[in-house]
Amino acid sequence: MELAQMQKSLQDYTKSLFLEGVLDSQFLQLQQLQDESNPDFVSQVVTLFFQDSDRILNDLSLSLDQQVVDFKKVDPHVHQLKGSSSSIGAQRVKNACVVFRSFCEQQNVEACHRCLQQVKQEYYLVKNRLETLFKLEQQIVASGGMIPAMELGF
């Protein structure tokens, strides 16, 4: 695939992530912090998000599987995941966490289990999509190209 076509594919793919609500404008702000002195900034931040999220989701699963659920332990995990997903622009994960927290406040175990599954589904979706995005970017750079800047003007 030629360079211009790869860049167009990247732009189209990135645009689809915003149109589908997978990402929001916070992701663009994160990208703006990346420069030549730190060209891997976004992927490093997102990789940390993935590592933290995997740990949090595991902790949430363990907490919700207890005989007696301690919502004072569950809610802070959901809050942390909501904050970190918001900071990278993972809009659908953040939105699922908002619903999850409301059920934590109600101490509704069954609804929290359903919300955890929804959060996991949204998390794995954004993880898969961002990994694909980073692969497209790596292909462009490996071909000697520049990553085109994205704007929300679509």
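Preceding this section is the structure that the text describes.
The rules behind the values
- Throughout, residues of each chain are indexed from 1 in the direction in which the sequence is written.
- This being a predicted model, a pLDDT of at least 70 is required before a residue's local features are given, and a value of 80 or more before pairs of side-chain atoms are given or counted; all residues contribute to the totals for chains, interfaces and linings.
- Working from all heavy atoms in the structure, the side-chain values ignore hydrogens and water.
- Cavity means a closed set of points on a 1 Å grid over the protein atoms alone, one where a 1.4 Å probe fits but cannot get out, pocket means an open set with protein on both sides within 12 Å along at least 5 of 7 lines, and lining means a residue has an atom within 4 Å of a point.
- Grid points are joined across faces, edges and corners, and a volume is the space filled by probe spheres set on the points.
- The helix count covers DSSP runs of H or I at least four residues long, the strand count covers runs of E at least two residues long, and both are numbered beginning at the N terminus.
- Residues are sorted three ways: Asp, Glu, Lys and Arg are charged, Ala, Val, Leu, Ile, Met, Phe, Trp, Tyr, Cys and Pro are nonpolar, and all the rest, Gly among them, are polar.
- Salt bridges, as used here, are contacts in which a Lys or Arg side-chain nitrogen is within 4 Å of a carboxyl oxygen on Asp or Glu.
- Per-residue accessibility, obtained with a 1.4 Å probe over protein chains only, is compared with the maximum for each type, and a residue is labelled buried under 20%, exposed over 50%, and partly exposed between these values.

Asker: Talk me through the layout of surface pockets; I want residue IDs and the actual numbers.
Answerer: Of the volumes computed, that of the largest pocket is approximately 790 Å³. For the largest pocket, the lining is made up of 24 residues, of which Q31, Q34, P39, E137 and I147 are closest to its centre. Counting residues per element, the ones that place at least two in the lining of the largest pocket are α1 (3–19), α2 (25–32), α3 (41–64) and α6 (109–142). The leading source of residues in the lining of the largest pocket is α6, at five residues. For the lining of the largest pocket, the residue count by class is 12 nonpolar, eight polar and four charged.

Asker: Can you break down the pattern of salt bridges residue by residue, with the values?
Answerer: Inspection of the entire model under this criterion finds seven salt bridges. Where D12 meets K8, a salt bridge forms, and the shortest distance between an N and an O atom there is 2.9 Å. Placement of the pair is D12 and K8 together in helix α1, with a separation of four residues, close to one helical turn. Residue D12 is classed as partly exposed on the basis of its relative accessible area, which comes to 37%. Classification of K8 as partly exposed rests on a relative accessible area of 46%. Here D75 ties to R101 by a salt bridge, and the two come within 3.0 Å at their closest N and O atoms. In this pair, D75 is assigned in helix α4 (residues 71–88) and R101 in helix α5 (residues 91–106), connecting sequence segments 26 residues apart. With relative accessibility at 19%, the residue R101 sits in the buried group.

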